[in-house]
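In case you want the letters, here they are:
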Amino acid sequence: MESLESLMAKYKMGDYQAFNSLYERVSPILYGYLRKQISDQNAVDDIFQAIFTKLHSAKNQYNSSYPLMPWLFTICRTSIADYMRQESKAREIKKSTFNDSLALELTEPATEKSPISQGIISQFERSLSTDQFQAVQMRYVRELSFAQIASELNTSEANARKLVSRAINKIKKRLAKS
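Residues numbered from 1 in each chain as written. Predicted model: local features only at pLDDT ≥ 70, side-chain atom pairs only at ≥ 80, totals over all residues. Heavy atoms only, no water.

In this section: the packing of aromatic side chains. Scanning the entire structure with this criterion turns up ten aromatic pairs. Ring centres 4.8 Å apart and planes at 35° place the aromatic pair Tyr11 and Phe19 in the tilted group. Arranged with centres 5.1 Å apart and planes meeting at 50°, the rings of Tyr62 and Trp71 form a pair that is tilted. Tyr62 gets classed as buried once you look at its relative accessible area, which sits at 3%. By way of ring pairs, the aromatic residues Tyr11, Tyr16, Phe19, Tyr23, Tyr31, Phe48 and Phe52 are connected into one cluster. Across from the ring centre of Tyr11, 4.6 Å away, lies the NZ or CZ of Lys59, which sits over that ring. The side chain of Arg139 reaches across the aromatic face of Phe146, ending 4.3 Å from its centre. (Phe/Tyr/Trp six-rings, centres within 6.5 Å; stacked < 30°, edge-to-face > 60°. Buried < 20%, exposed > 50% of the residue type's maximum accessible area, 1.4 Å probe, protein only. Lys NZ or Arg CZ within 6 Å of the ring centre and 35° of its normal.)

Right, here's the structure in full:
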């Protein structure tokens, strides 16, 4: 049986039959390693494909005087790390988009185009003071002006603005933790 290093040397020279033999021998090993490291089957498949894409792109960088498997596992580990970084960024973007859209809803009174429901505000009732909760409800559900909120809460207009602002900040902090 031909060594992996020899097959890789032939593949570097353009022998695609050598690649097929190489693939048949190393793919079960790499795939098994990925399955042990990653629980999501779709992620395993994506990373597995990325490994062989990187192998093809970097084949001329391989020095056939060194063992092939450590080089392949380096590609495997960097592919896992790249995938995890991408997933982390995607989650951050998704979370950021949600936070930004909620923040936009909370900075504008409810309209037909951007309604903010009682349900959204109610999710945060426990983390807000009674005055903050009432002020946010008045501003975004009942669509009252700060002057009207101040009148109903028997406080100044500036304090009504502070109550709403502090409530929004608390909600943003809660969202950032989740």
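What follows deals with helix α8 (residues 157-177). Given a rise of 1.5 Å per residue, 21 residues ought to cover 30 Å, and the 31 Å separating the end C-alpha atoms of α8 matches this to within 8%. Buried within α8 we find Ala160, Leu163, Val164, Ala167, Ile168, Ile171 and Leu175. Burial along α8 is one-sided: seen end-on, the buried residues are contained in an arc of 125°. What points out from α8, more than 90 degrees from its buried face, is the exposed set Lys173 and Lys177. (Helix = DSSP H or I, 4+ residues; strand = E, 2+ residues; numbered from the N terminus. Expected span 1.5 Å × (residues − 1). Arc of directions from axis to C-beta.)

All right, on to the packing of helix α2 (residues 16-37) against helix α3 (residues 41-58) then. Between α2 and α3, the shortest axis-to-axis distance is 11 Å and the interhelical angle comes to 145°. For the element pair α2 and α3, the recorded crossing hand is right-handed. On the side of α2, the interface is formed by Tyr16, Phe19, Tyr23, Val26, Ser27, Leu30, Tyr31, Leu34 and Arg35, while α3 contributes Gln41, Val44, Asp45, Ile47, Phe48, Ile51, Phe52, Leu55 and His56. Looking at the contact of α2 with α3, its residues break down into 13 nonpolar, three polar and two charged. (Axes fitted to C-alpha atoms, helices over the stretch in contact; angles between N-to-C directions. Left-handed = near helix turned anticlockwise from the far one by under 90°. Contact = heavy atoms within 4.5 Å. Nonpolar A, V, L, I, M, F, W, Y, C, P; charged D, E, K, R; others polar.)

Turning our attention to the pattern of salt bridges. One pass over the full model with this rule turns up five salt bridges. Its salt-bridge partner being Lys10, residue Glu2 comes within 2.6 Å of it at the nearest N-O pair. Between Asp82 and Arg85 there is a salt bridge, with its nearest N and O atoms 2.8 Å apart. One end of the pair is Asp82 and the other is Arg85, both in helix α4 (residues 68-107) and three residues apart, which spans about a single turn. A relative accessible area of 28% places Asp82 in the partly exposed class. What you see here is one network of salt bridges that share partners, running through Lys54, Asp82 and Arg85. (Salt bridge = Lys/Arg side-chain N within 4 Å of Asp/Glu carboxyl O.)

Its identity as a non-glycine residue notwithstanding, Glu143 has a phi of 60°, on the positive side. Inspection of the secondary structure assignment puts Glu143 in the loop between α6 (130-141) and α7 (146-153). Assessed through its relative accessible area of 45%, Glu143 is described here as partly exposed. One non-glycine residue with positive phi stands out, namely Asn154, at about 60°. Relative to the assigned elements, Asn154 resides in the loop between α7 and α8.

Quick look at the nonpolar core now. Leu30 and Trp71 are the most contacted members of the largest nonpolar core, which has 29 residues in total. Elements represented by at least two residues in this core include exactly α1 (4-12), α2, α3 and α4. In terms of residue count, α4 provides more of this core than any other element does, nine residues in total. Aside from chain neighbours lying at most four places away, what touches Trp71 is Met8, Leu55, Ala58, Lys59 and Tyr62. The next biggest cluster of nonpolar side chains, apart from the first, holds 19 residues, and it includes Phe124, Ala135, Phe146 and Leu153. (Core = buried A, V, L, I, M, F, W, Y, C linked by side-chain atoms within 4.5 Å.)

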